[in-house]
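# Structure at a glance
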Amino acid sequence: MNRLTGSDGAPALAILGPGATRLVKELDRVFAGWGLAAGAEEISAPPLFPVPDLEKFDVYTNFPHLAWVAGSLDLTEEQFKPVEGRFGPGAVSEARYGLPHATCYGAYLFHEGGQVADDTLVTLVNRCFRNEDHYGGLRRLASFQMREIVALGSFPHTQQVLARFTGRIQAFAAALGIELAKVPAGDPFFRNDGGRALMQKLSPVKYEFQYGGDLAIASVNTHRNFFGERCGIRLESGEHAYTACVAFGLERWLAVLTEHFDADLDAALAAVRAAEATTAEAAAEDGTSEGTPGDGAAEATAEAAPRDTDTDAAVGAS
């Protein structure tokens with residue numbers, strides 16, 4: 001059993017019980033393993049970043065409604081003590097740190113100002129934070145865990161990675177007996193006044209894997225060279241790196257599996273292990289676990305891409 005808590009009684013935060021914790025850890029092991037088997041290196045990022053680091057990604061321009069920030073408290077005056085479960089605005093000093101709403105930001109900041117190979121791949125997991133207009137337990141939390149596999153390098157490399165893991169997600173869900181629909185995401189990656197926004201309208205840059213028609217539990221995301229430009233990440237050729245990412249919301253997977261297996265988390269755990277064994281064997285047979293795109297490559301892979309220099313664009317959440 002899990003415990004939900006939150007301000008004013010909202011089910012915004014979850015303390016996972018032992019069974020749920022085992023299942024979430026196994027899911028993360030599976031998804032991280034996909035990246036590692038494809039040649040990714042694992043990195044670790046902090047749960048908050050200096051505001052300028054997130055500001056350079058236009059987080060506060062495009063998604064101010066989701067943003068959380070952190071500042072220290074000034075409790076020298078009695079009036080600044082918490083009242084009815086909250087601190088008043090005068091109690092909080094300058095908010096110099098921001099809480100990210102996507103995990104992949106840590107990968108770009110890690111490589112900031114550096115040079116990467118055309119086929120760079122990293123994986124990381126982090127806490128993400130979103131100031132939603134409502135919460136719904138494990139399906140929609142204020143703080144949740146997101147595992148990502150992030151591709152940096154040439155544009156064809158980023159698209160091959162998305163194709164490879166699109167197939168892997170679909171095969172894994174099928175092995176679990178879970179029906180997922182792959183649909184274009186509605187949230188804007190790029191501001192409407194830039195060239196990238198026009199390209200998004202012509203070709204979606206984010207696809208979600210939805211359960212039950214409304215719950216996105218994974219996504220594949222194309223950023224073109226936005227993060228490469230904003231973080232000064234370059235290829236050996238001198239051009240800015242292209243990026244893409246594959247994201248998994250761990251608590252949302254937990255919510256789906258809890259429902260699908262009628263709250264029998266031991267059965268869900270056994271099914272996850274069996275599904276991973278089955279799909280890993282299939283991936284090894286067709287070569288996708290070693291970096292060769294599978295059957296979905298034709299949909300996501302482009303032979304070449306024009307360099308996009310619209311630095312006024314902005315990227316949304318994974």
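Scroll up for the structure.
Residues numbered from 1 in each chain as written. Predicted model: local features only at pLDDT ≥ 70, side-chain atom pairs only at ≥ 80, totals over all residues. Heavy atoms only, no water.

## Focus on the sheet that holds strand β8 (residues 143-153)
Threshold: Following DSSP output, two strands are said to pair if at least two bridges run between them. Secondary structure is summarised from DSSP: a helix means a run of H or I of at least four residues, a strand means a run of E of at least two, and numbering begins at the N terminus for each. Two residues qualify as a contact provided that any one of their heavy atoms is within 4.5 Å of a heavy atom in the partner residue. Structural elements are reduced to axes, namely lines fitted to C-alpha atoms, with helices fitted over the stretch in contact, and the angle between N-to-C directions of any two is expressed from 0 to 180 degrees.
Spatial ordering of the open sheet is given by β3-β7-β8-β12-β11-β10-β9, a layout of 7 strands whose pairing is mixed. Two strands lie at the open edges of the sheet, namely β3 (41-42) and β9 (180-184), each paired on one side alone. Of the pairings in the sheet, the one linking β9 to strand β10 (residues 206-211) comprises 5 bridges and is antiparallel in character. Within β10, the residue paired with Leu180 across the bridge is Tyr211. The strands touched by helix α1 (residues 18-37) are β3, β7 (119-129), β8 and β12 (242-249); relative to β8, the strand with the most contacts, the crossing angle is about 5°. Across the sheet, helix α8 (residues 250-260) is in contact with β7, β8, β9, β10, β11 (215-224) and β12; its angle to β11 comes to roughly 150°.

## Notes on the packing of aromatic side chains
Each aromatic ring pair is characterised by the separation of its centres together with the angle its planes make. Going by this rule: Classification of ring pairs uses Phe, Tyr and Trp, with its six-membered ring standing for Trp, and accepts pairs whose centres are within 6.5 Å; under 30 degrees between planes counts as stacked, over 60 as edge-to-face, and the remaining range as tilted. In this scheme, a residue with accessible area under 20% of its type's maximum is buried, one over 50% is exposed, and one in between is partly exposed, where area comes from a 1.4 Å probe on protein chains only. To sit over a ring, a charge needs its Lys NZ or Arg CZ within 6 Å of the ring centre and within 35 degrees of the ring normal.
Counted under the stated rule, the structure contains 13 aromatic pairs. With 5.5 Å between their ring centres and 70° between their planes, Phe155 and Tyr242 make a pair best called edge-to-face. Separated by 87 residues along the polypeptide, Phe155 in helix α5 (residues 155-176) and Tyr242 in strand β12 bring together distant segments of the chain. With relative accessibility at 2%, the residue Tyr242 sits in the buried group. Site record: aromatic cluster; members linked through ring pairs are Phe31, Trp34, Phe172, Phe248 and Trp253. Cation over ring: Lys182 sits above Tyr207, and NZ or CZ is 4.6 Å from the ring centre.

## Here we look at the pairing of β8
Among the 11 residues that make up β8, 10 are buried, leaving the element largely enclosed by the rest of the structure. One ladder, built from 11 bridges, connects β7 with β8; its direction is antiparallel. Counterpart to Val122 in the pairing with β8 is Val150.

Just distances and angles here, no functional claims.
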